[in-house]
Amino acid sequence: MSTAAHADHGSHGDHHHKETFISKYVFSMDHKMIARQFLITGIIMGCIGVFLSVLFRLQLAWPETQFGILKMFLGSFAADGVLSPEYYMALVTIHGTIMVFYVLTAGLSGTFSNLLIPLQCGSRDMASPFMNMLSYWFFFLSSVVLLSSFFVSTGPASAGWTVYPPLSALPKAVPGSGLGMTLWLTAIALFIVSALLGGINYISTVLNMRTKGMSMNRLPLTIWAFLLTAILGLLSFPVLLGAALLLIFDRSFGTSFYLSDIWLPGEGAYANVGGSPILYQHLFWFLGHPEVYIIIMPALGITSEVIATNARKPIFGYTAMIISLIGIAVLSFLVWGHHMFITGMNPFLGTMFMFITLIIAVPSAVKTFNYLATLWRGNLKFTPGMMFAIGLVSFFVSGGLTGLFLANAALDIAMHDTYFVVAHFHLVMGSSAIFGMFAGIYHWYPRMFGRRLNESLGHLHFWLTFVSAYLVFFPMHFMGLAGVPRRYYMFTVIPEFEIWADVNVMITIAAIVGSVAQIIFLWNFFSNIFRGEKSEQNPWKSNTLEWTAPLEGIHGNWPGAIPTVYRGAYEYSRPDREEDYYPQHIPGDDDGVYHPESEQKATIRKETVEVSKDKEIVYFTALRSIFGLNKG
Amino acid sequence: MKKTFKLLAGILGLISLFGLLHQTDFSLVQLAASEPSAAETATQSSINWLLIIVSILIGGIIVLIFDITNLTTRVTGKNILDWNKLNAWLCLVFLILGMGAAFWEFFYHGKYVITEKATAHAENMNMMFNATLFFTGIVFVIVQVLLFYFLFKYRTKEGRKATYYSHNNKLEIVWTAIPFVTMAVLVLMGMKTWSNITKKSSDNPKEIEIYAYQFGWNARYSGADNIFGEASFNYISGTNPLGLPVDAEIDALIVSLTKELNGDTIEVNGEPRIIPGLYTQVKDSIFNLYHQSLLEEASGIGLTYTEDKRNALQKKIESIESGAAMADLEAAIYRKEKQIQRIAQIRSAPSAKETIFNGSTYDDVISNEIHLVKGEEVIFLFRARDVIHSAWMPHFKVQMNVVPGMQTRFRFTPIKTTAEARVERGNEEYDYYMFCNKVCGSAHYNMKIKVVVETQAEFDEWMKTQKPAFAKVNENEVQLEEVAPEASDSAKIENKELALK
Ligand code: HEM
Ligand SMILES: [Cu+2]
Ligand SMILES: [Cu+2]
């Protein structure tokens, strides 16, 4: 990275002590460096997660076949090259944990919140750069602790990524619930600390450190998404921490929060009485459901930005997009019970959860329609970032619609924990958020590394990944509807499921192709950090502020004063402009909103938005009164 | 061009690396069935490596080609590959092929989707499913078609400018309202279906207890008296696996628990031999344990002494040294004392004799198959022994979690016999099963129990072949045994005091 020479050119007048390698690349407090750290750690974790999925897919496709590769990597856990059932579940568990928390929470939201919040809001850095640094290092530590559980003789946690007790509390019930589970819980506790440190920072930066003129109604949708994500995280992660702590107590100190009436061979009746395993599930899903929105909302924010930029059109219905995001955020706290329809909870509760869950589909639908309307009559530029953003929309629709089946308590009786669920969440959360992440990486790579990625390889990467993801997950719907349960080590012992043997083989091959295609990305990503073509300042001709700061990434972001903002982020292809974009920081002679009825240019520049007849402005004013005036 | 050379060199390097690895006898895939000879393995492995090398070569060449196109674009400023055009066409192709594939899949694998009406509520659920499928299917097709069509249609072209169109409140209200109304319809239908399935039945359905444990199921029928009685995990023993309140069994359990705590004397070759109880083991302190395990293992040392044994011994010593062994002992003592206490407490309740230990469970039938009567409403009462399981009968659209410490239930009416299902499938061997659908440990994937639906006559016939779980003992015996727990209780306290000293 060629930023060293420029590092201390930041002229915002602070004290500038000399930067060492350690303070610049390791314990950096610069948000851009921390973003890169999050991203690269996330990519490494992602590779591990994908690799694990290939290992257990081998087992599902060819259950009786010996694989040298399994023996090589797993040793005694795959004696003779065949995965043991316990270790199959351990792989699935760690795969899920890595993907959900480490890649799509920290890797996605950590990377892009860090990179974009200061740059798009127009601030020198995060509210607390030190906390920001801590946030990364807690995340790093947490990753190390999680991965270290692979070296435990009883294997990693193996009760599924949801680690339901009693299974996760009883080392005698499954070996993975011994030391492996302790490490899992420790890792998650560290992870939560990281998420909270980051979240507080994101919220305070967005609310307090926007540049002059950057009112809430001019914020790019990315920032809105990151803000709401951080709020969700801040409100829900502590609950998971509580759940994890109680589980730690039950495991190590003999309490009975989740345990009751347990008898195991060799152990006899346990002393625990009075606890409820279902309590854990309530606590877990109180985080767990918002968590899926913590994953998808940043991806949606990135998509809004990438699609608008590359369609050269304003994002359609900016206000509606924000209201949908807020609606999703609020409702996401009230739907956790849809994961528990068949735990024996009161049917009336089931009714309420079904009702709210189905309602949450409305804001999601609005977002999809708005994306379509944004594409309509655009001037679409197919950059790799754009292709991945479109991939997200496609997955979001395919996966979101199947949610309407699962949200229905009655239908869920016949679908819960089947492969239908695996298909649903891999499309709507897994694939679509991963595609959002890729869209962000391709779009902001020049911003992060000052260089460009190879475009052709990007498109190749997109098509291979896109097609193989559909091939992997689409057929799983039908397996689920035919009753095939998830988290099964093999299907050959049940004659009824044998018809799926060839489908399982096809899925595994597609998964391997999709995984190998990621090597193209890795090559593209890592080699171009050093040898890529230098990027121009604003490669996508984008409106937002991050492209006004020098790409080599100086400390404090802007060499001089921070630019002032004069309009919203999505003024593309304005009829009154020659160029098809109108960056936020270019002084304009209007109030920042295009009025088609008055084609001629207005002469007064206004700082605040006045209430006009335009309904949109009314929303804006409402939003402003909720979130306060921008203090600049 | 320098960079291209570097790339080429890199790929060549990789290939030679794999070539080197090729020398080692490492094969990626070996078939378990046909144990190949050494020569076969060698050829197989070279084929494998050949495949790997060829695919890497092909991959490398593709990457190279793309890299070169990029380089030439950079040098000449002209696009060889116009990705805008290419992607637009690919989108169109993907739309057509993708939709085609989705529909093919829908009809090809769609026929495996369970639509069978094996229970009364299946009809209702199928309707609900179809309604949801109808709405979502329409949206799926419309949105995906529009998405990819727009991509094709509005791709960038020379001189084209996008339409500035930032919002349209009317439009947005419309497409908020339409999903809202659709959702309202689905919610209302869903509520109706849900309450149909979950509502309390007016007449008394037949109760069957479904008992889940790692890794199997049992069904318990209440026998002639129609009373289940209060089973509990406290009473579980080898001879009473479901923990039924059977006095004789519980007494025996307490005796054996007390022996585990206090130790026992057995006769070996006509000589008495003391088996140390948990209390003694704790009192004997670490050194004795250490010594004892060494002695135990030492007797095995000799020709049979293997690496594995050495490791096991090592582990044992480690657990003693780290205090884990001691902690385990103490936990075991605590567990067993508590269990004895709890049983005593339950038994000492004033009405325990009438309500729990009234012998009503003696005639219960415990079975390894679930037998149901066609057309007869039944309610499953679920009980778990260890961890959460889930009772999953896909063809009946029945699923309910089985949670330790909490009774769950599911009510339904089977309406198709196994015989009818066999005829329908043309498969004489076909059987319905209940599977476990909540991950519960290593053999989760193989935890199942046969479900037989039959006519009332067949059911009665089957029931006749079943033995009651416990023979009724006569009053005297019960009376006699009741003294036992108290005795062992006091013995326990005595021993504890001893242990403390
Ligand atoms: C290479 C791509 C991937 C493949 C082939 C794959 C495959 C699978 C399969 C087959 C399962 C179910 C295993 C079972 O139930 O026995 C699974 C579980 C799971 N996957 Fe993936 N997956 C991939 C990527 C992802 C991504 C991107 C996410 C991010 C959300 C993800 C999250 C999960 C989760 C949360 C589970 C559930 C784990 C559990 O049951 O505890 N996966 N994956
Ligand atoms: Cu949820
Ligand atoms: Cu199970």
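Now for a quick tour of the structure. Since we're looking at a predicted model, the values are computed, not measured.

What follows covers the overall build of chain A. When you go through chain A residue by residue, the secondary structure sums to 16 helices and three strands. At 25 Å, chain A has a C-alpha radius of gyration in line with the 26 Å of a compact globule built from 632 residues. Taken across its 632 residues, chain A has 69% of its residues classed as buried. The contacts of chain A with a sequence gap of at least 6 include a subset with a gap of at least 24, amounting to 77%. For chain A, the computed accessible surface area is about 19300 Å², with 69% contributed by carbon and sulfur atoms. Counting 35 positive and 37 negative side-chain charges, chain A places the averaged centre of each group 7 Å from the other.

Take the nonpolar core next. Counting 286 residues, the largest nonpolar core has B:Phe380 and B:Met434 as the members making the most contacts within it. Take this core: its biggest share by element is 22 residues, from helix H4 (residues 85-121) of chain A. Residues in contact with B:Phe380, not counting those within four places in the same chain, are B:Ile208, B:Ile210, B:Ile370, B:Leu372, B:Met393, B:Thr408, B:Arg409, B:Phe410, B:Phe412 and B:Met434. With 17 residues, the next largest nonpolar core counts B:Tyr235, B:Leu253, B:Ala332 and B:Ile333 among its residues.

All names here are of chain A. In this structure, His-95 (NE2) and His-426 (NE2) serve as the protein donors to the iron atom of ligand 1, at separations of 2.0 to 2.1 Å. Every donor counted, the six donor atoms about the iron atom of ligand 1 form angles of 83 to 178° at the centre, which fits octahedral coordination. Here His-95, found in helix H4, pairs with His-426, found in helix H13 (residues 419-449); they are 331 residues apart in sequence, far enough to count as distant. Given the relative accessible area of 17%, His-426 is considered buried.

Residues and elements named next belong to chain A. A complete count under the given rule lists six cavities of 30 Å³ or more for this structure. The volume enclosed by the largest cavity comes to roughly 200 Å³. Around the largest cavity sit 20 residues that line it, and Thr-105, Ser-109, Ala-195, Gly-199 and Tyr-202 are the ones nearest its centre. Contributions of two or more residues to the lining of the largest cavity are made by H4, helix H6 (179-208) and helix H7 (221-252). The class makeup of the residues in the lining of the largest cavity is 10 nonpolar, 10 polar and no charged.

On to helix H11 (residues 384-406) of chain A. For H11(A), built from 23 residues, the straight-helix expectation of 33 Å at 1.5 Å per residue is met to within 8% by its first-to-last C-alpha distance of 33 Å. Most of H11(A) is tucked away: 22 of the 23 residues are buried.

This part takes up the sheet that holds strand S13 (residues 448-454) of chain B. Residue and element names in this part refer to chain B. Judged by pairing direction, the sheet is mixed, and its five strands sit side by side in the order S7-S13-S12-S9-S10 without closing on themselves. Bordering the open sheet on either side are strand S7 (369-373) and strand S10 (398-402), each of which pairs with just one other strand. For this sheet the average axis-to-axis angle between neighbouring strands, irrespective of direction, equals 25°. Two strands pair when backbone bridges link them, and strand S9 (residues 389-393) and S10 are joined in this way by five bridges, in the antiparallel orientation. Within the sheet, the bridge partner assigned to His-389 lies in S10 and is Val-402. Helix H13 (residues 456-465) contacts S7 and S13 of the sheet and is inclined by roughly 145° relative to S7.

For the rest of this paragraph, the subject is the coordination of the copper ion (ligand 2). Residues and elements named next belong to chain A. In the first shell of the copper ion (ligand 2), the protein supplies His-289 (ND1), His-338 (NE2) and His-339 (NE2), at 1.6 to 2.0 Å from the metal. One chain supplies every donor to the copper ion (ligand 2), and in sequence these donors are spaced H-x48-H-H. One end of the pair, His-289, is in helix H8 (residues 277-311); the other, His-338, is in the loop between helix H9 (318-331) and helix H10 (347-375), with 49 residues separating them in the sequence. Accessibility assignment for this pair places His-289 and His-338 in one class, buried.

Once that is clear, we can look at the pairing of strand S8 (residues 378-384) of chain B. Residue and element names in this part refer to chain B. Counting buried residues along S8, seven of its seven residues qualify, which places the element largely inside the surrounding structure. In the sheet, strand S2 (residues 206-213) pairs with S8 via seven bridges, with the strands oriented parallel. Each residue of the ladder has a partner; that of Ala-212, found in S8, is Ala-384.

The partner chain A presents 135 residues to the 119 residues of chain B that form the contact. Interface area, chain B with chain A, both sides summed: about 11300 Å², of which 69% is carbon and sulfur. A per-residue breakdown of the area chain B buries against chain A is headed by B:Tyr164, B:Trp194 and B:Tyr445, which together make up 8% of the total. As a salt-bridge pair, B:Arg335 and A:Glu267 come within 3.2 Å of each other at their nearest N and O atoms. Our count for the contact surface shared by chain B and chain A stands at 33 residue pairs in polar contact (both at pLDDT 80 or more). In terms of residue count, the dominant contributor to the side of chain B that touches chain A is helix H5 (residues 169-198) of chain B (16 residues). Class assignment of the residues belonging to the side of chain B that touches chain A gives a composition of 66 nonpolar, 34 polar and 19 charged.

Turning next to the site of ligand 1. Residue and element names in this part refer to chain A. Surrounding ligand 1, one finds 25 residues, the nearest of these being Tyr-88, His-95, Trp-161, His-426 and Arg-487. A distance of 2.4 Å separates an oxygen atom of ligand 1 from a polar side-chain atom of Tyr-88. The backbone of Arg-487 places a nitrogen or oxygen atom 2.6 Å from an oxygen atom of ligand 1. Those elements that provide at least two residues to the shell around ligand 1 are helix H2 (31-61), H4, H13 and helix H14 (455-481). The dominant element in the shell around ligand 1, judged by the number of residues it contributes, is H4, at seven residues.

Okay, the packing of aromatic side chains next. All told, the structure shown has 86 aromatic pairs over all chains when counted by the stated rule. Look at B:Tyr430 and B:Tyr432: their rings are 5.6 Å apart centre to centre, the planes differ by 85°, and that puts the pair in the edge-to-face class. For the pair shown, B:Tyr430 and B:Tyr432 are each scored as buried. The ring of A:Tyr582 has A:Arg577 sitting right over it, with the charged end atom 3.8 Å from the ring centre. Here the guanidinium or amino end of B:Lys111 rests over the ring plane of B:Tyr108, the centre of that ring lying 4.3 Å away.

Reading the values: rules and limits
Residues numbered from 1 in each chain as written. Chains lettered and ligands numbered in written order. Predicted model: local features only at pLDDT ≥ 70, side-chain atom pairs only at ≥ 80, totals over all residues. Heavy atoms only, no water. Helix = DSSP H or I, 4+ residues; strand = E, 2+ residues; numbered from the N terminus. Rg over C-alpha atoms; globule rule 2.2 N^0.38 Å. Buried < 20%, exposed > 50% of the residue type's maximum accessible area, 1.4 Å probe, protein only. Contact = heavy atoms within 4.5 Å. Areas by Shrake-Rupley, 256 points an atom, 1.4 Å probe, with all protein chains shown as cover. Lys, Arg positive; Asp, Glu negative; His and termini not counted. Charge placed at Lys NZ, Arg CZ, Asp CG, Glu CD. Core = buried A, V, L, I, M, F, W, Y, C linked by side-chain atoms within 4.5 Å. Donors = N, O, S within 2.8 Å, 3.2 Å for Na, K, Ca; no water. Tetrahedral: all angles 85-135°; square planar, octahedral: opposite > 155°, others 65-115°. 1 Å grid on protein atoms, 1.4 Å probe; cavity = no way out; pocket = protein on both sides within 12 Å on 5 of 7 lines; lining within 4 Å. Points joined across faces, edges and corners; volume = space filled by probe spheres on them. Nonpolar A, V, L, I, M, F, W, Y, C, P; charged D, E, K, R; others polar. Expected span 1.5 Å × (residues − 1). Pairing = 2+ DSSP bridges. Axes fitted to C-alpha atoms, helices over the stretch in contact; angles between N-to-C directions. Buried area = accessible area lost by both parts, 1.4 Å probe. Salt bridge = Lys/Arg side-chain N within 4 Å of Asp/Glu carboxyl O. Polar contact = N/O pair within 3.5 Å; in protein donor to acceptor, adjacent residues only side chain to side chain. Near = heavy atom within 4 Å. Phe/Tyr/Trp six-rings, centres within 6.5 Å; stacked < 30°, edge-to-face > 60°. Lys NZ or Arg CZ within 6 Å of the ring centre and 35° of its normal.

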